[in-house]
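One letter stands for each residue in the lines below.
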Amino acid sequence: MNALTAHLPALQVIVPMLMAPFVVLLRARNLPWVAATATSLLAFSIAVRLTMIVTDGKPVSYRMGSWAPPYGIELQVDALSALVLLVVTGASSLALIGGRESLAKVISADREPYFFAAWLLALAGMAGIVVSADAFNIFVFMEISSLASYVLVAGGPDRRALPATFKYLIMGTIGATFYLIGVGLIYMMTGTLNLADMELRVHEVADQKPILAAAGFITVGLALKAAIFPLHVWLPNAYTYAPHVVTAFLAACATKVALYVLLRFDFFVFQQNLIGHEFQFAAYLMPLAILGILIGSAVAMFERNIKRMLAFSSVAQIGYMMLGASFVTATGLTAATLHMFNHALAKGGLFLAIAAIAIVTAGCRLSDIAGLARRMPWTFAALVVAGLSLIGVPGTAGFVSKWYLIDAALELETGGAALVALILVSSLMAVVYVWRIVEAACFGEPAERRAASVPPALAIVLWAAAIANLGFGIAPGLPLSLSATAADILLGHVQ
Amino acid sequence: MNILGIYYYWVFAILLMIGFYVVIAKLNLIKKLIGLSLFQAAVFLLYITMGNVEGASAPIYGFGAETFSNPLPQVLILTAIVVGISTTALGLGIVVRIKEEYDSVEEHEIQEMDRR
């Protein structure tokens, strides 16, 4: 490895973080957008390079300031982090490339520098959560990304974005503080903040009660951030009233990053080191996952605002990821991590399509898009492809992860058939709500018949997302091998 | 372990619950933020107390002290305080914008206006 490659884990965070203050200084029209997009693409290329390094299963470790862990701060990238890094930086890049016109409609020119600086900080924070191997660093990065995303959500044109942001801020802060309490309790008992070191020392602690309490605090705190049912109440309004492109970015990665930390803690640190944790984790999260899948899909079926509909569908999809993880098997974890990737593709694509539609329409209600498929056929074709992937139709990315999820459910000794039925029923519910969009768009009567144009950059990224949904459905090699390695790494600590 | 001997944990738990209660029960958005600050301050207290060693001095070497308190939790909390201040500042900023748009800082009134 040459000198620069060795520093990639740190650069992944530092590049967007240092670019943020520079972007604030750029006053010329469009320049902040150009700088933010270039930075995001650079971050994406770093993530791709890191992925190429870790595909053989060996994690990359980086010592901040050359201080050796556990006393120094360690950054670590393995297959699981690489997968999440790809999602975060990829979603940010696609949303930024396609989002200029859509954002220019809601963000005035003088506020642009601040907005894009906040975007880069959100990106830096999320990347930081993923690469960090230090529990307290994760907290700090989590708050950096959260504070920046509150700003992004509050940029929405509707005034209802403001109460939505306030709710997001209150619940996000409570979640982060719960996480901080948990980390404090573990530090109290083990004297370490490094995750790998924690794993060894939790094992040695004689009185495990504080650690068990810590596991509870950390799980609840991160469940709030990850919008796991029933702690999802901040999500629908925040997604609905945020600028469309921001929704595409956040829906693709914000909750997955919190889920990633949850998996890290539950499998690296607690599982098998903590008496009773298997029961606490799997038996406690599985019912929540099932309820989330059913209720999220059911509410989405009756929702009239498309963004809200898709936000509730996200609650259901997070349920799928939790369900896979709560099996505590290799197939289940592969399904969970693979679904993180595939859901980001599908939901990111859908929200990008909505950004394209919203350039033409007045709002995002089903009645607003009546007959719009005749005016913008290509946009709707891409929307349908992403929708099919969300449902899990064979040939799309969503199918692969659902297939693994069903496979994992069938491996269970009891209740497997019921869970398969649940997955099928909720997929049918997804058919219903995606169909409602298609029905309104294809068979409604349009207000005018003029063909509507979409900015070319947005059309390109939208189709890039749609083709990725098809491509990773037919040849899921890369995300699948990364998820399988990730599952091995997570379970490697279980034995 | 007697119950009074660990009174600082009681202070932490009670303060935490008061803050949490205020966040949930109060409808005024500013009061909610006050509750949130209290909630975070309680956690700062947890960290600070856990780093303290009875009879030990501040962790400055060379002044004849034998035992030192653990400085790491204090350093962590310095960072957490900064995070807490940023959150409160951003929250208050959003409340100002809400007041401009809705002319109210009462949650139920805002919900009522949005329903229309």
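In this report, the structure presented in the accompanying data block is examined. Please read all numbers here as calculations on a predicted model, not as lab measurements.

1. Description of the overall build of chain B
- What chain B contains, in helices and strands, is four helices and zero strands.
- Moving toward the C terminus, one meets the helices and strands of chain B in the order α-α-α-α.
- For chain B, the C-alpha atoms occupy an extent of roughly 70 × 35 × 15 Å along the three principal directions.
- The 116 residues of chain B split such that 32% are buried.
- Sequence separation of at least 24 residues holds for 46% of the intrachain contacts in chain B that already meet a minimum separation of 6.
- In the form shown here, chain B has an accessible surface area of approximately 7,100 Å², with 66% of it arising from carbon and sulfur atoms.
- Taking the 7 positively charged and 10 negatively charged side chains of chain B as two groups, their mean positions are separated by 8 Å.

2. Some points on the overall build of chain A
- Across its full length, chain A carries 21 helices and two strands.
- The C-alpha atoms of chain A give 21 Å as radius of gyration, which agrees with the globular expectation for 495 residues (23 Å, within 12%).
- Projected onto its principal axes, the C-alpha coordinates of chain A cover approximately 70 × 55 × 40 Å.
- The contacts of chain A with a sequence gap of at least 6 include a subset with a gap of at least 24, amounting to 80%.
- A total accessible area of about 16,900 Å² is found for chain A, and carbon and sulfur atoms account for 68% of it.

3. Describing the interface of chain A and chain B
- With 26 residues of chain A in contact, the opposing surface of chain B contributes 35 residues.
- Carbon and sulfur atoms supply 84% of the area that chain A and chain B bury against each other, a total of about 2,800 Å² over both sides.
- Counting across the chain A and chain B interface gives five residue pairs in polar contact (both at pLDDT 80 or more).
- For the side of chain A that touches chain B, the element with the most residues is helix H8 (residues 161–190) of chain A, which contributes 16 residues.
- Residues of the side of chain A that touches chain B, tallied by class, amount to 19 nonpolar, four polar and three charged.

4. Some remarks on the side chain of Ser427(A)
All names here are of chain A.
- Topologically, Ser427 is positioned in helix H19 (residues 416–443).
- On the accessibility criterion, Ser427 (11% relative accessible area) is buried.
- With residues near it in sequence (within four places) discarded, Ser427 still touches Tyr320, Ile391 and Lys402.

5. Looking at the nonpolar core
- Counting residues in hydrophobic clusters, the biggest one holds 220 residues, and the most contacted among them are Tyr179(A), Phe249(A), Phe265(A) and Ile369(A).
- Contacts of Phe265(A), omitting those with residues within four sequence positions, involve Ala135(A), Tyr179(A), Val183(A), Ile186(A), Leu195(A), Met198(A), Ile218(A) and Phe270(A).

6. Points about a nonpolar patch on the surface
Residue and element names in this part refer to chain B.
- Taken together, the side chains of Tyr7, Tyr8, Trp10, Val11, Ile14, Ile18, Leu38 and Leu45 make up a nonpolar region of the molecular surface, amounting to roughly 710 Å² of accessible area.
- Among the secondary structure elements, those contributing two or more residues to the nonpolar patch are helix H1 (7–25) and helix H2 (29–51).
- Residue contributions to the nonpolar patch peak at six residues, all from H1.
- Tracing the chain through its elements places Val11 in helix H1.
- Judged by relative accessible area, Val11 falls into the partly exposed class, the value being 38%.

7. Description of the environment of Val360(A)
All names here are of chain A.
- For Val360, the position within the fold is in helix H15 (residues 330–360).
- Between the C-alpha atoms of Val360 and Gly398, which are 38 residues apart in sequence, the distance is 29 Å.
- Setting aside residues up to four positions removed in sequence, Val360 forms contacts with Arg375, Met376, Ala452 and Ser453.

8. Regarding the environment of Val95(B)
- Within the fold, Val95(B) resides in helix H3 (residues 72–102).
- On the accessibility criterion, Val95(B) (3% relative accessible area) is buried.
- Spatially, the C-alpha atom of Val95(B) lies 38 Å from that of Ile6(B), the residues being 89 residues apart in sequence.
- Apart from the residues within four sequence positions on either side, Val95(B) is in contact with Phe166(A), Leu29(B), Ile30(B), Leu33(B) and Val105(B).

9. Re the packing of aromatic side chains
- Taken as a whole, this structure holds 19 aromatic pairs over all chains when the rule is applied.
- Between Phe20(B) and Phe39(B) the ring centres are 5.3 Å apart and the planes differ by 20 degrees, which places this aromatic pair in the stacked class. Here Phe20(B), found in helix H1, pairs with Phe39(B), found in helix H2; they are 19 residues apart in sequence, far enough to count as distant.
- Residue Phe20(B) is classed as partly exposed on the basis of its relative accessible area of 21%.
- Following the ring pairs from residue to residue traces out a cluster consisting of Phe115(A), Phe116(A), Trp119(A) and Phe249(A).
- If you follow Arg159(A) out to its NZ or CZ, it ends over the ring of Tyr102(B), 4.1 Å from the centre.
- Over the ring of Phe268(A) we find Arg264(A); its NZ or CZ atom is 4.5 Å from the centre of that ring.

10. Section: H15(A)
All names here are of chain A.
- The end-to-end C-alpha distance of H15 is 46 Å, a good match for the 45 Å that 31 residues give at a rise of 1.5 Å each.
- The axis of H15 is deflected most strongly, by about 25 degrees, at His339.
- For H15, the tally of buried residues reaches 28 of 31 residues, placing the bulk of the element in the interior.

11. Structural notes on the packing of helix H6 (residues 112–131) of chain A against helix H12 (residues 244–270) of chain A
All names here are of chain A.
- Contact geometry of H6 with H12 gives a least axis separation of 10 Å together with a crossing angle of 25 degrees. Taken as axis vectors, H6 and H12 run roughly parallel relative to one another. In this structure, H6 meets H12 at a crossing whose hand is left-handed. Facing Phe115, Trp119, Ala122, Leu123, Met126, Ile129 and Val130 of H6, the residues of H12 in contact are Val245, Val246, Phe249, Leu250, Cys253, Ala254, Val257, Tyr260 and Val261.
- For the contact of H6 with H12, the per-class residue count stands at 16 nonpolar, no polar and no charged.

12. Structural notes on the environment of Leu388(A)
Residue and element names in this part refer to chain A.
- Within the fold, Leu388 resides in helix H17 (residues 377–391).
- Along the sequence, Leu388 and Val153 sit 235 residues apart, while their C-alpha atoms lie 27 Å from each other.
- Ignoring any residue separated from it by four or fewer positions in sequence, one finds Leu388 in contact with Val393 and Thr396.

13. So, the state of the cysteines
Residue and element names in this part refer to chain A.
- Per the stated rule, a full pass over the model turns up zero disulfides over all chains.
- For Cys253, which is in no disulfide, the shortest distance to another cysteine sulfur is to Cys364 and amounts to 20 Å.
- Not part of a disulfide, Cys442 finds its nearest cysteine sulfur in Cys364, a span of 17 Å.

Quick notes on the rules
Each chain carries its own residue numbering, running from 1 in the written order of its sequence. Labels follow written order: the first chain is A, the first ligand is 1, and so on. It should be noted that, the model being predicted, local features are given only for residues of pLDDT at least 70 and side-chain atom pairs only at 80 or more, the latter also being counted only at that level, while totals for whole chains, interfaces and linings use all residues. For side-chain calculations, the full set of non-hydrogen atoms in the structure is used, while hydrogens and water are omitted. Secondary structure follows DSSP: runs of H or I at least 4 residues long count as helices, runs of E at least 2 residues long count as strands, and numbering of each begins at the N terminus. Any residue under 20% of the maximum accessible area for its type is buried, any over 50% is exposed, and the rest in between are partly exposed; the area is computed with a 1.4 Å probe on protein chains only. The contact definition used throughout considers only heavy atoms, calling two residues in contact when any of these lie within 4.5 Å. Calculation of accessible area relied on Shrake-Rupley with a 1.4 Å probe; when residues are assessed, cover is drawn exclusively from the protein chains displayed. Only four residue types enter the charge count, namely Lys and Arg as positive and Asp and Glu as negative; His and the chain termini do not. Where a charge lies is defined by one atom per residue type, namely NZ (Lys), CZ (Arg), CG (Asp) and CD (Glu). In this description the radius of gyration comes from C-alpha coordinates, and the expected globular size is given by 2.2 Å times residues to the power 0.38. Buried area adds together the accessible area that both of two parts lose upon being put together, with accessible area traced by a 1.4 Å probe. For this analysis, a polar contact is any N or O atom pair within 3.5 Å, provided that within protein one partner can donate a hydrogen and the other can accept it, and provided that sequence-adjacent residues contribute only side-chain to side-chain pairs. Charged means Asp, Glu, Lys or Arg here, nonpolar means Ala, Val, Leu, Ile, Met, Phe, Trp, Tyr, Cys or Pro, and polar covers whatever is left, Gly included. Residue types Ala, Val, Leu, Ile, Met, Phe, Trp, Tyr and Cys, when buried and joined through side-chain atoms within 4.5 Å, form a set referred to as a nonpolar core. Each patch groups residues whose relative accessible area exceeds 30% and which form no salt bridge, using 9 Å between like charges and 5 Å between nonpolar side chains of Val, Leu, Ile, Met, Phe, Trp and Tyr. When a carboxyl oxygen of Asp or Glu is within 4 Å of a side-chain nitrogen of Lys or Arg, the pair counts as a salt bridge. Working definition: rings of Phe, Tyr and Trp (its six-membered ring) pair if their centres are within 6.5 Å, and the pair is stacked with planes under 30 degrees apart, edge-to-face with planes over 60 apart, and tilted otherwise. Think of it as a cone above the ring: NZ of Lys or CZ of Arg counts as a charge over the ring if it is within 6 Å of the ring centre and within 35 degrees of the ring normal. Given a helix with a known number of residues, its expected span is that number minus one, times 1.5 Å. Bend, in this description, refers to the angle at a residue between axes fitted to the seven residues ending there and the seven starting there. Between the N-to-C directions of two axes lies an angle of 0 to 180 degrees, each axis being a line fitted to C-alpha atoms and, for a helix, fitted only over the stretch in contact. Orientation labels follow simple angle bins: below 35 degrees gives roughly parallel, above 145 gives roughly antiparallel, 65 to 115 gives roughly perpendicular, and whatever is left gives oblique. For a crossing to be left-handed, the near helix must be turned anticlockwise from the far one by less than a right angle; the clockwise case is right-handed. In plain terms, two cysteine sulfur atoms within 2.5 Å form what is called a disulfide here.

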